[in-house]
Amino acid sequence: LKSEEMRIENRLAELEQICASVRMKESDLADVIEANYASNNSRPITNHLTKLFTNLNFTPDTIVLGCTHYPLLSEVIGDFMGPDVQLVSPGAETAEYLIKKLKQADALAESGRQGSHRYYVTDSAESFRRQASLFMGCDISAEVSETELL
């Protein structure tokens, strides 16, 4: 894990030489989302975004929605940031890339075929079930396994 983290940190440092970037990994935005998502009240989230972006001395042209919670509010974040800011969801980008690769290998499952779900989480399984049920709008009855990142 440490070597992979260092590789990522080194790559980010290289990118920071050619573009301005701000990493907000210490933000408690995910907690704000969890506390307010079910109520459909975006005001606390907008207030938190205001605090996060007020001290920037530039307006970003792209925001990577790097936390699993952020794409849930891409509309709120997009409305807040405005139409000139592109939002990138790594999960969606990864899924699109995977579909492309599976199609190239003729390994994509047939349409309409029922699949199975299995979740691996770095948080508690119960916390995941509760939050995922809220975000997905259905009960999570599939296997949920707690794991550590390698």
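So, a few notes on the structure that sits alongside this text.

How each quantity is defined
Residues numbered from 1 in each chain as written. Predicted model: local features only at pLDDT ≥ 70, side-chain atom pairs only at ≥ 80, totals over all residues. Heavy atoms only, no water. Helix = DSSP H or I, 4+ residues; strand = E, 2+ residues; numbered from the N terminus. Polar contact = N/O pair within 3.5 Å; in protein donor to acceptor, adjacent residues only side chain to side chain. Axes fitted to C-alpha atoms, helices over the stretch in contact; angles between N-to-C directions. Parallel < 35°, antiparallel > 145°, perpendicular 65-115°, else oblique. Left-handed = near helix turned anticlockwise from the far one by under 90°. Contact = heavy atoms within 4.5 Å. Nonpolar A, V, L, I, M, F, W, Y, C, P; charged D, E, K, R; others polar. Buried < 20%, exposed > 50% of the residue type's maximum accessible area, 1.4 Å probe, protein only. Salt bridge = Lys/Arg side-chain N within 4 Å of Asp/Glu carboxyl O.

So, the environment of glutamate 146
Here's step 1: Relative to the helices and strands, glutamate 146 resides in strand β4 (residues 143-146).
Here's step 2: Glutamate 146 sits 90 residues away from leucine 56 along the chain, and the two C-alpha atoms are 37 Å apart.
Here's step 3: A polar atom in the side chain of glutamate 146 sits 2.9 Å from the backbone nitrogen of alanine 125.

Structural notes on the packing of helix α2 (residues 29-36) against helix α3 (residues 43-54)
In a packed pair of helices, the relevant descriptors are the angle between the two axes and the axis-to-axis distance.
Here's step 1: Orientation of α2 relative to α3, taken along the N-to-C sense of each, is 170°, at an axis distance of 9 Å. Taken together, the axis directions place α2 and α3 in an arrangement best described as roughly antiparallel. Crossing of α2 against α3: the hand is right-handed. Here Leu29, Val32, Ile33 and Asn36 of α2 come into contact with α3, specifically with Pro44, Ile45, His48, Leu49 and Leu52.
Here's step 2: Looking at the contact of α2 with α3 residue by residue, the classes come out as 7 nonpolar, 2 polar and no charged.

Observations concerning the packing of α3 against helix α4 (residues 74-81)
Here's step 1: Two elements in contact, α3 and α4, have axes separated by 11 Å at closest approach and are oriented at 50°. With respect to α4, the element α3 is oriented oblique. Pair α3 / α4 crosses with right-handed handedness. Counting all contacts with α3, which are made through Ile45, Thr46, Leu49, Thr50 and Phe53, the residues of α4 involved are Val76, Ile77, Phe80 and Met81.

Description of the side chain of asparagine 36
Here's step 1: Along the polypeptide, asparagine 36 turns up in helix α2.
Here's step 2: Residue classification places asparagine 36 among the buried positions, given a relative accessible area of 15%.
Here's step 3: For asparagine 36, the side chain forms a polar contact with the main-chain oxygen of valine 32, separated by 2.8 Å.
Here's step 4: Not counting the four nearest positions on each side in its chain, asparagine 36 is found in contact with Asn41, Pro44 and Ile45.

As for the environment of valine 88
Here's step 1: As for its placement among the helices and strands, valine 88 is situated in strand β2 (residues 86-88).
Here's step 2: The contacts of valine 88, once residues within four sequence positions are left out, are Thr62, Ile63, Val64, Leu65 and Glu93.

What to know about the pattern of salt bridges
Here's step 1: As enumerated under the stated definition, the model contains 2 salt bridges in all.
Here's step 2: Close ionic contact of arginine 118 with glutamate 143 constitutes a salt bridge, the shortest N to O distance being 3.7 Å. Taken together, the residues span a long stretch of sequence, with arginine 118 in strand β3 (residues 118-121) and glutamate 143 in strand β4 at a distance of 25 residues.

So, unusual backbone geometry
Here's step 1: Not every positive phi belongs to a glycine, and aspartate 106 is a case in point at roughly 50°.
Here's step 2: Looking at the secondary structure, you find aspartate 106 in the loop between α5 (90-104) and β3.
Here's step 3: Residue classification places aspartate 106 among the exposed positions, given a relative accessible area of 72%.

Limitation: the analysis is restricted to geometry and does not speak to function.
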